[in-house]
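Residue-level structure breakdown
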Amino acid sequence: MTEKRPDISSAADTYSPICEITREKFNIEPFTMVIFGGTGDLSRRKLLPTLYHLCIDQNLPDEFAIIGFASSEKSDEEYREFVQEFSEDQFNDACWENFSRHLFYVSGSFEDNSGYKKLSHRLEEIARPNEDGVREIIYYMAVPPRLLPSISEQLSSCKLCKGKFNTRLIVEKPFGRDRASAKDLNRIIADAFDENQIYRIDHYLGKETVQNILFFRFANSIFEPLWNRRYIDHVQITVAESLGVENRARFYEGAGVVRDIVQNHLMQLLALVAMEPPISFEADYIRNEKVKVYQTIRSIDDEYIDRFTVQGQYGKGRFNGKDVPGYREEKDIASDSGTPTFFAGKFHIDNWRWADVPFYLRTGKRMKKRITEISIHFRQPPLRLFSSSCDIREPNILILGVQPHENISLHLGVKYPGVSNQLYPVNMNFDYEEDIQGDVHFAMPYERLLIDCMKGDQTLFASQDGIEAMWSVVDPVIRRWEEKPYKGFPNYAAGSWGPEKAKELLANEGRQWRIY
Ligand code: BG6
């Protein structure tokens, strides 16, 4: 007996170019968010403005509370004044009035329990219990990673993790400094929180175009047959930043580019491009497919690292017509710093889909332009049919632009009009801002991720398996680079595309980085 398959043939008749998009209303339970590091840089720049916007856009429930927790002494009122400064964008009195009454403050040391006792009292006072007498609490760790163990231990010993509290914990990247420390950290946190309570945030996964990679791949049938070693020559992923280290010297000196970007943002982009279709669009299925990608990345030894990875550090240069300092001249950076600010490298994914298809990854600070892009470079046609002078020089390339232009573009060759046979490169382009109709709201990454956490959806957050697998990919590079520090820094000028060696990495294989 053959199974009856759903009839989708009539879908073509009813297809309308603009499908109805409804603005989703989120069903979020009343909650209280405690921000550890509530006066710090991340809170000021991202979290508090995002929460303010969510409130203005009426995406938060009527009953919610935000408690800033930090060491400086402040009253609730003083904290509200402090937060107001960072909510200037779209500020208006009525919205502020509405938002500010949800703000509270607890001062205390992160490392001893008196602050947590105060917090416990305030939670009893402020957080509203649901019908079952349970309070929904989200703890946001907007603090340096070294403080996570003590905060987690204190929360646990003050009984603020389970029982009468239904809690979630949001942890910023980098989670650990390598695989071993990520495991240790997880062990400590796991004493207090279960895996389904832990939300390891990577703001790249909150970007519309990053989420769109899965939609593009799995909602369209035309590319999937081509998405493999048979048709794809190689893949490039670039995360280029035009800014320097800014005011994060202390963190960056101890981290460097691999911990800051490669282990998380680049690995996430790579997995979204390379993963197999999940059996359904649910957190565990998607996260498991990503882990499989990391597990199949070919392990690399010192010899490979020396040949196929490139490290760089920016020296002084020019950006936007202005002289800009080198990394070693930046505030609070050692004048002989050996911290890399640039990475380029080649990875192989040893599975049936991707065997022998190189993935070239690069990222750097103070590069010529801010651009994040994935490009899929297809193989050349099997025969050069047209005369060699006008043959396709540029193969077909599919570009997934993440920022600043959120677009998808396909490079093709067409006949140049006229009597001669000449190929001409053209683009088929889809632009997120121009081509999507209706009242579009581009959610900022933190908006989307905070809402998901409030809803209890872990899809866009990394699992512990995923974190460990990503560290396993990059740990050998970090170890090699730290054991054998590069002597030639700085080796690229601010405002350039990185060290010459990065060009050579591809040139040696008859390829080149995309030029912008
Ligand atoms: C952060 C890194 O995760 O991402 C920063 O710590 C980097 O060093 C930033 O500047 C880049 O994010 P975006 O969204 O500007 O590409």
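Above this text sits the structure in question.
First, a word on scope: everything that follows refers to the structure included in this document.

About the cut-offs
- Residues numbered from 1 in each chain as written.
- Predicted model: local features only at pLDDT ≥ 70, side-chain atom pairs only at ≥ 80, totals over all residues.
- Heavy atoms only, no water.
- Helix = DSSP H or I, 4+ residues; strand = E, 2+ residues; numbered from the N terminus.
- Rg over C-alpha atoms; globule rule 2.2 N^0.38 Å.
- Buried < 20%, exposed > 50% of the residue type's maximum accessible area, 1.4 Å probe, protein only.
- Contact = heavy atoms within 4.5 Å.
- Lys, Arg positive; Asp, Glu negative; His and termini not counted.
- Charge placed at Lys NZ, Arg CZ, Asp CG, Glu CD.
- Disulfide = S-S within 2.5 Å.
- Pairing = 2+ DSSP bridges.
- Axes fitted to C-alpha atoms, helices over the stretch in contact; angles between N-to-C directions.
- Near = heavy atom within 4 Å.
- Polar contact = N/O pair within 3.5 Å; in protein donor to acceptor, adjacent residues only side chain to side chain.
- Areas by Shrake-Rupley, 256 points an atom, 1.4 Å probe, with all protein chains shown as cover.
- Core = buried A, V, L, I, M, F, W, Y, C linked by side-chain atoms within 4.5 Å.
- Arc of directions from axis to C-beta.
- Salt bridge = Lys/Arg side-chain N within 4 Å of Asp/Glu carboxyl O.

From N to C terminus, the protein chain includes 15 helices and 18 strands. A compact globule built from 516 residues would reach a C-alpha radius of gyration of about 24 Å, and the protein chain, at 25 Å, matches this within 12%. Considering only C-alpha atoms, the protein chain reaches an extent of 80 × 65 × 50 Å along its principal axes. The 516 residues of the protein chain split such that 52% are buried. Considering only contacts in the protein chain between residues 6 or more positions apart, those separated by 24 or more positions represent 76%. The positive charge centre, built from 65 side chains, and the negative charge centre, built from 77, are 6 Å apart in the protein chain.

Across all of its chains, the model carries 0 disulfides by this definition. Cysteine cysteine 95 shares no disulfide, and the gap to the nearest cysteine sulfur, in cysteine 55, comes to 7.4 Å. Lacking any disulfide linkage, cysteine 158 is separated from the closest cysteine sulfur, that of cysteine 161, by 9.2 Å. In this structure cysteine 158 comes out as buried when scored by relative accessible area, which is 16%.

Attention shifts here to the sheet that holds strand β17 (residues 423–431). Strand order in the open sheet made by the 8 strands is β8-β12-β13-β7-β14-β15-β16-β17, with mixed pairing throughout. Of all the strands in the sheet, just β8 (309–312) and β17 have a single pairing partner and so form its edges. Pairs of neighbouring strands in the sheet enclose a mean axial angle of 15 degrees, with direction left out of account. Bridge analysis of strand β12 (residues 342–348) against strand β13 (residues 358–364) gives 7 bridges, and the strand direction is antiparallel. Each bridged residue has a counterpart across the sheet, and for lysine 346 the counterpart in β13 is tyrosine 360. Most of the contacts of helix α8 (residues 208–219) go to strand β15 (residues 397–403), to which it runs at about 145 degrees, and overall it touches β14 (371–378), β15 and β16 (407–415).

It is worth spelling out the environment of arginine 230 at this point. In this structure, arginine 230 sits in the loop between α8 and β7 (232–240). The class for arginine 230 is exposed, based on a relative accessible area of 61%. Along the sequence, arginine 230 and arginine 353 sit 123 residues apart, while their C-alpha atoms lie 8.4 Å from each other.

Residue position: glycine 456 is located in the loop between α13 (445–455) and α14 (464–483). You can call glycine 456 partly exposed: its relative accessible area is 35%. Once the C-alpha coordinates of glycine 456 and phenylalanine 223 are considered, the two residues, 233 residues apart in sequence, prove to be 32 Å apart. Ignoring anything within four residues of it in the chain, the contact list for glycine 456 reads Arg168 and Tyr199.

Right, let's get into the site of the ligand. Taken together, Lys173, His203, Tyr204, Lys207, Glu241, Arg248, Asp260, His265, Lys365, Arg370 and Gln403 make up the full set of residues adjacent to the ligand. Here lysine 173 contributes a side-chain N or O atom positioned 2.6 Å from an oxygen atom of the ligand. Within the contact set of the ligand, an oxygen atom lies 2.7 Å away from a side-chain nitrogen or oxygen of glutamine 403. Across the complex, the protein chains shield 80% of the 390 Å² of accessible surface that the ligand would expose by itself.

To continue, consider the environment of lysine 118. Mapped onto the elements of the fold, lysine 118 is located in helix α5 (residues 113–126). When its relative accessible area of 39% is taken as the criterion, lysine 118 is described as partly exposed. Each C-alpha atom, one on lysine 118 and one on valine 106, is 7.1 Å from the other, the two residues being 12 residues apart in sequence. Within polar-contact distance, the side chain of lysine 118 engages the backbone oxygen of serine 107 at 2.6 Å.

The element β15 is largely enclosed, with a buried count of 7 among its 7 residues. As paired strands, β14 and β15 are joined by 6 bridges and run antiparallel to one another. Following the sheet pairing, histidine 377 is matched in β15 by isoleucine 397. As judged from the 5 bridges shared by β15 and β16, these two strands associate in the antiparallel manner. When the sheet's bridge partners are listed, leucine 398 is paired in β16 with leucine 410. Between β15 and β16, which pair antiparallel and follow one another directly, the connecting turn spans 3 residues.

Phe36, Leu119, Tyr139, Met267 and Met454 are the most contacted members of the largest nonpolar core, which has 152 residues in total. The element that contributes the greatest number of residues to this core is helix α9 (residues 249–274), accounting for 14 residues. With sequence-adjacent residues up to four places away left out, tyrosine 139 is seen in contact with Val34, Phe36, Leu119, Leu123, Leu155, Leu160, Thr167, Arg168, Leu169, Ile170 and Phe193.

Three or more residues of helix α15 (residues 500–507) are buried, namely Ala502, Leu505 and Leu506. Within α15, the buried residues cover an arc of 85 degrees as seen down the axis, which keeps them to one side. For α15, the exposed residues set more than 90 degrees away from the buried face come down to Lys501 and Lys503. Those residues of α15 that are buried are in contact with β7, α11 (302–308), β8, β12 and β13.

We now examine the pattern of salt bridges. Inspection of every chain in the model, using the stated rule, returns 36 salt bridges. Measuring nitrogen to oxygen at the nearest pair gives 3.1 Å for the salt bridge that ties arginine 45 to aspartate 41. Of this pair, arginine 45 and aspartate 41 both sit in helix α2 (residues 41–56), separated by 4 residues, roughly a single helical turn. Linking arginine 511 and glutamate 509 is a salt bridge whose minimum nitrogen-to-oxygen distance equals 3.6 Å. Judged by its relative accessible area of 25%, glutamate 509 falls in the partly exposed class.

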